[in-house]
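What the coordinates show
Residues per chain are reported as follows:
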Amino acid sequence: MLRHFVSFYWFPGLPQFYYHGSLMGWGVVMVYTFFAMFVVSATFVWEEIIPASARVPLWGMFFTAWMLGVIISWRLERQFRAAEEKKSLDFERNDTLPEAQSAYLRRDWFQAEYLLQQRISLWPEDVPARVLFLSLLRRLKRFDEAKTQLKILSDLSVSGAWRWEIHRLEQWIQQDENADAEE
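Heads up: these notes are all about the structure in this document. (Residues numbered from 1 in each chain as written. Predicted model: local features only at pLDDT ≥ 70, side-chain atom pairs only at ≥ 80, totals over all residues. Heavy atoms only, no water.)

1. Some remarks on a nonpolar patch on the surface
- A grouping of Phe38, Val40, Phe44, Val45, Trp46 and Ile49 is seen on the molecular surface, where their side chains present a nonpolar patch of about 600 Å² in accessible area.
- Tracing the sequence through the fold places Trp46 in the loop between helix 3 (23-45) and helix 4 (52-93). (Patch = residues over 30% accessible without salt bridge, like charges linked within 9 Å, V, L, I, M, F, W, Y side chains within 5 Å. Areas by Shrake-Rupley, 256 points an atom, 1.4 Å probe, with all protein chains shown as cover. Salt bridge = Lys/Arg side-chain N within 4 Å of Asp/Glu carboxyl O. Helix = DSSP H or I, 4+ residues; strand = E, 2+ residues; numbered from the N terminus.)

Spelled out as C-alpha cells, the structure:
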C-alpha cells in the first residue's frame, strides 16, 4: 500500500500506468509532467516567459491539479483493485482444472473433457489445461483433434516453459497413431 502512495505523491496516474499498464494512466502522467516542467522552467529558468504576478496563480493551478490527480489516482487504484479481486474470485469459482484432473485419473473421460473444454473456453491460453486435454485426446485415440490442439498449443506465446512436455506429447501421439494404423 505504501508503494502506491509514494507514486501517487510524485505523479498522478503513475500507479495505473506502472502497475496495471493503463494508457489513461500514461496520459495523465505525461500531461502532469509537461505541466510540471512548464511551471518549474517558467519560474526558475526562463523567468521572462510569464510575468511575476502570474506565477503565484500558476503554482496554485499546479498544486490544485496535483491534488485532483492524487484523488483521481486513488479512486482509479481502488477500482483496479476491486476488478482484480473480482477476477481472482471468478477464477477460483471457475477453476475446473483440479476437477478435470480427478476425472482424468478416474478415467471418467466424458467429465474430464467437459471440464477441460469449459476451462479452455474461459482461458484460451491456459497451457496446463491444454496439455491435459491433449493427453485426454490421445487416450481417446482422437488423433486429428489432438494434432489440431497441438498446433494451437504450440502457437501460444505462453507455452515456452512447456516445450518439452508438448514435444513429448507430440511424439506419443505420433507413436499411438502409428500403432493404431498398424492394427
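Now that the structure is up, let's keep going.
2. Notes on the pattern of salt bridges
- All chains considered together, the criterion is met by 8 salt bridges.
- The salt bridge involving Arg142 is made with Glu113; its shortest N-O contact spans 2.6 Å. Taken together, the positions of Arg142 in the loop between helix 7 (127-139) and helix 8 (143-155) and Glu113 in helix 6 (residues 109-122) put the pair 29 residues apart, joining distant regions of the chain.
- For Arg142, a relative accessible area of 25% gives the class partly exposed. (Buried < 20%, exposed > 50% of the residue type's maximum accessible area, 1.4 Å probe, protein only.)

3. Brief notes about the packing of helix 6 against helix 7
- At their nearest, the axes of helix 6 and helix 7 sit 10 Å apart, and the two run at 145° to each other. Between helix 6 and helix 7 the crossing geometry is left-handed. Across from Trp109, Ala112, Glu113, Leu116, Gln117, Arg119 and Ile120 in helix 6, the residues of helix 7 making contact are Ala129, Arg130, Leu132, Phe133, Leu136 and Arg139. (Axes fitted to C-alpha atoms, helices over the stretch in contact; angles between N-to-C directions. Left-handed = near helix turned anticlockwise from the far one by under 90°. Contact = heavy atoms within 4.5 Å.)

4. Considering the packing of aromatic side chains
- A full pass over the atoms with the stated rule returns 7 aromatic pairs.
- Their ring planes at 20° and their centres at 5.6 Å tell us that Tyr32 and Phe62 sit as a pair that is stacked. Taken together, the residues Tyr32 in helix 3 and Phe62 in helix 4 connect sequence positions 30 residues apart. With respect to class, Tyr32 is no different from Phe62; both count as buried.
- A relative accessible area of 8% means that Phe62 is categorised as buried.
- Ring pairing ties together the aromatic residues Tyr32, Phe35, Phe44, Trp59, Phe62 and Phe63, which thus form one cluster.
- The ring of Trp74 has Arg78 sitting right over it, with the charged end atom 4.6 Å from the ring centre. (Phe/Tyr/Trp six-rings, centres within 6.5 Å; stacked < 30°, edge-to-face > 60°. Lys NZ or Arg CZ within 6 Å of the ring centre and 35° of its normal.)

5. What to know about unusual backbone geometry
- The backbone of Arg107 sits at a positive phi, close to 65°, despite the residue not being glycine.
- Look at Lys141: it is not a glycine, yet its phi comes out positive at around 60°.
- Residue placement: Lys141 occurs in the loop between helix 7 and helix 8.
- Using a relative accessible area of 48% as the deciding quantity, one classes Lys141 as partly exposed.

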